[in-house]
Amino acid sequence: MTEAKKSLKRTLVGKVVSDKRAKTVTVLVERRVKHPIYDKIMIKSSKYHAHDENGEYKMGDTIEITESRPLSKTKNWVATRLVQKAGLL
């Protein structure tokens, strides 16, 4: 039986908020969580630095990032695919 192994690396989808650095994009990932006491849905966000070798992702794009080995002091993610181009709603 040849079954495709599921990757153990995490993948996240977020919006590119900065593309000013060389070969790096900053991605804002938002998640919806329920407040433990007030039962209100809140939006929590985190920013990740992702490796973009060719500089193909621009500000406003929605992309998928995948966990990788440490590439620099703050960079542990790699931009893998474009989900939605900026400006196309």
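Heads up: these notes are all about the structure in this document. (Residues numbered from 1 in each chain as written. Predicted model: local features only at pLDDT ≥ 70, side-chain atom pairs only at ≥ 80, totals over all residues. Heavy atoms only, no water.)

1. Re the side chain of Glu64
Now for step 1: Residue placement: Glu64 occurs in strand 4 (residues 62-67).
Now for step 2: In this structure, Glu64 is in contact with Thr11, Leu12, Val13, Val78, Ala79, Thr80, Arg81 and Val83, ignoring residues within four places of it in sequence. (Helix = DSSP H or I, 4+ residues; strand = E, 2+ residues; numbered from the N terminus. Contact = heavy atoms within 4.5 Å.)

2. Let's talk about the nonpolar core
Now for step 1: Counting residues in each nonpolar core, the largest one holds 10 residues, listed as Val16, Val25, Val27, Val29, Ala50, Tyr57, Ile63, Ile65, Trp77 and Ala79.
Now for step 2: Among the secondary structure elements, those contributing two or more residues to this core are strand 2 (24-34), strand 4 and strand 5 (75-84).
Now for step 3: Among the elements that take part in this core, strand 2 stands out by supplying 3 residues, more than any other.
Now for step 4: When neighbours within four sequence positions are excluded, Ala79 is seen to be in contact with Ala50, His51, Tyr57, Ile63, Glu64 and Ile65. (Core = buried A, V, L, I, M, F, W, Y, C linked by side-chain atoms within 4.5 Å. Buried < 20%, exposed > 50% of the residue type's maximum accessible area, 1.4 Å probe, protein only.)

3. Quick look at the pairing of strand 4
Now for step 1: Counted residue by residue, strand 4 has 5 buried out of 6 residues, so it is predominantly covered.
Now for step 2: Of the pairings in the sheet, the one linking strand 1 (residues 11-18) to strand 4 comprises 5 bridges and is antiparallel in character. For Thr11, the partnering residue across the bridge sits in strand 4 and is Thr66.
Now for step 3: Bridge analysis of strand 4 against strand 5 gives 6 bridges, and the strand direction is antiparallel. (Pairing = 2+ DSSP bridges.)

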